[in-house]
Protein chains: 2
Amino acid sequence: MARRKDTSTNSFNREILNGSHLHYALDLISGRWKILILEKLRAGGLRYSILRKELPHISERMLALQLKELEKDGLITRSVYAGVPPCVGYTLTPISEKLIPIWEQLCCWGAAHRELQTTGN
Amino acid sequence: MARRKDTSTNSFNREILNGSHLHYALDLISGRWKILILEKLRAGGLRYSILRKELPHISERMLALQLKELEKDGLITRSVYAGVPPCVGYTLTPISEKLIPIWEQLCCWGAAHRELQTTGN
DNA sequence: GGCCATACTTACATTTTTGTTAGTATCCTA
DNA sequence: TAGGATACTAACAAAAATGTAAGTATGGCC
């Protein structure tokens, strides 16, 4: 019978770190796919099947999972349109739109950093 | 001898995602400890032993590992001062200082988001 | 000689994240 | 009646991140 350590330092550290707003913010958008999804939605809402086509390397599981998390975290809105076959659309929320200018800056910074690294060597 | 699947989708996806500057930037600072370390260094350089005291929940292994990565990525500078016992100091680099205003905005955004979530429910 | 401090490294274990494959329900169309 | 399209879900497997515990080298101090 496998022992479980629910009080593992691992999960304990988690909570502590979330005390930092910065860490909290990064947690919301980190992971392999989240920003990619948000980027796709930036130009306007998309339905599930389109998202899947736009992100050819994501697995169904991950797409569904990340969408659910993003929704739970209030970063996207899910809307179901009645009909058969079913149709579900995803859109950015006001708060995640406020993130856009910041992620643009981060993007610039990333580009600058990358250039520095390749030039520097 | 353990088999390695170098062609796993996992590592494959990694490379693809790094094509995005945003993703690249987030990769540099994500992980449980990196921004925490950067935040500590913000006010000025610190030596290893001080960092460890300031981050009571990090393990030696992780601290050393993250410091090495941060250095490799050009985000901090490591300086060794001769003597016994040895003394090593870490400082932010110019490029990581340019990150500060961005991370401050992200921090504000995180605070706003958190408030929304607690209020909204 | 034995212990202390510093700044790490190493081997191994556990937890967390991501991927793979197959399956669900509905109704339309051929 | 069989197969297609949509938007998922579930069980299992692999990979990646983090944690634990112990060890290394140097020289000063008692």
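Residues numbered from 1 in each chain as written. Chains lettered and ligands numbered in written order. Predicted model: local features only at pLDDT ≥ 70, side-chain atom pairs only at ≥ 80, totals over all residues. Heavy atoms only, no water.

**Overview of the environment of Thr119 of chain A**
Residues and elements named next belong to chain A. For clarity, the cut-off: Secondary structure elements are defined from DSSP: runs of H or I of at least 4 residues count as helices, runs of E of at least 2 residues count as strands, and each element is numbered from the N terminus. Two N or O atoms form a polar contact when they lie within 3.5 Å of each other; inside protein one atom must be a possible hydrogen donor and the other a possible acceptor, and for residues adjacent in sequence the pair counts only when both atoms belong to side chains.
Mapping Thr119 onto the fold places it in helix H7 (residues 100–120). Here the alpha-carbon distance between Thr119 and Ile58, two residues 61 residues apart in the chain, equals 32 Å. Among the polar contacts listed, one links the side chain of Thr119 to the backbone oxygen of Glu115, at a separation of 2.7 Å.

**What to know about the packing of helix H2 (residues 21–29) of chain B against helix H3 (residues 34–42) of chain B**
Residue and element names in this part refer to chain B. Stated formally: Lines fitted to the C-alpha atoms define the axes, with helices restricted to the stretch that makes contact. Angles between their N-to-C directions range from 0 to 180 degrees. Here roughly perpendicular refers to angles of 65 to 115 degrees, roughly parallel to angles under 35, roughly antiparallel to angles over 145, and oblique to all remaining angles. By definition, residues are in contact when any of their heavy atoms lie within 4.5 Å. Residues are sorted three ways: Asp, Glu, Lys and Arg are charged, Ala, Val, Leu, Ile, Met, Phe, Trp, Tyr, Cys and Pro are nonpolar, and all the rest, Gly among them, are polar.
Where H2 meets H3, the closest approach of the two axes is 7 Å, and the angle between their N-to-C directions is 70°. By the criterion of interaxial angle, the relationship of H2 to H3 is roughly perpendicular. For the pair formed by H2 and H3, the contact residues are Asp27, Leu28 and Ile29 on the first element and Lys34, Ile35 and Leu38 on the second. Broken down by class, the residue content of the contact of H2 with H3 amounts to four nonpolar, no polar and two charged.

**With respect to the protein's contact with DNA strand D**
Operational definition: Definition of nearness: a residue and a molecule or strand are near each other if at least one heavy atom of the residue lies within 4 Å of the molecule or strand.
The full set close to DNA strand D counts 26 residues, and Thr9, Asn13, Arg78 and Pro86 of chain A together with Arg61 of chain B are the nearest of them. Among atoms of DNA strand D positioned within 4 Å of the protein, sugar and phosphate together represent 69%. Here a phosphate oxygen of DNA strand D sits 2.8 Å away from a polar atom, N or O, in the side chain of Arg47 of chain A. Glu60 of chain A is positioned with one of its side-chain polar atoms (N or O) 3.4 Å from a base nitrogen of DNA strand D. Counting residues per element, the ones that place at least two in the surface near DNA strand D are helix H1 (9–17), helix H4 (48–54), helix H5 (60–72) and strand E3 (87–92) of chain A together with helix H1 (9–17) and helix H5 (60–72) of chain B. Considering each element in turn, the surface near DNA strand D owes the most residues, four residues, to H5 of chain A.

**Looking at the sheet that holds E3 of chain A**
Residue and element names in this part refer to chain A. How we decide: Strand pairing is assigned whenever DSSP detects at least two bridges linking the two strands.
The strand order E1-E3-E2 describes an open sheet built from three strands, whose pairing is antiparallel. The open sheet has two free edges, formed respectively by strand E1 (46–47) and strand E2 (76–81), since each of these has just one partner strand. In the sheet, E1 pairs with E3 via two bridges, with the strands oriented antiparallel. Bridge pairing in E3 links Arg47 to Gly89. Along the sheet face, helix H3 (residues 34–42) touches E1, E2 and E3 and points at about 95° away from the line of E3.

**With respect to the sheet that holds strand E3 (residues 87–92) of chain B**
All names here are of chain B. Pairing within the open sheet is antiparallel, and its three strands lie in the order E1-E3-E2. The outermost strands of the open sheet, each flanked by one partner alone, are strand E1 (46–47) and strand E2 (76–81). Of the pairings in the sheet, the one linking E2 to E3 comprises six bridges and is antiparallel in character. Each bridged residue has a counterpart across the sheet, and for Arg78 the counterpart in E3 is Tyr90. H3 rests against E1, E2 and E3 of the sheet, and its axis sits at about 95° to E3.

**Re the interface of chain A and chain B**
Operational definition: Definition used for salt bridges: Asp or Glu carboxyl oxygen within 4 Å of a side-chain nitrogen of Lys or Arg.
Listed per partner, the contact involves 44 residues of chain A and 44 residues of chain B. There are zero salt bridges connecting chain A and chain B. Taken together, chain A and chain B are joined by 15 residue pairs in polar contact (both at pLDDT 80 or more). Here the element with the most residues in the side of chain A that touches chain B is H7 of chain A; it accounts for 13 residues. The class makeup of the residues in the side of chain A that touches chain B is 23 nonpolar, 14 polar and seven charged.

**Looking at the state of the cysteines**
The following threshold applies: Cysteine sulfurs are considered disulfide-paired once they come within 2.5 Å of each other.
Applying the stated criterion across every chain, the model contains zero disulfides over all chains. Unpaired in this structure, Cys108 of chain A has its nearest cysteine sulfur neighbour in Cys107 of chain A, at a distance of 6.1 Å.

Interpretation note: all reported values are geometric properties and have no functional meaning in isolation.
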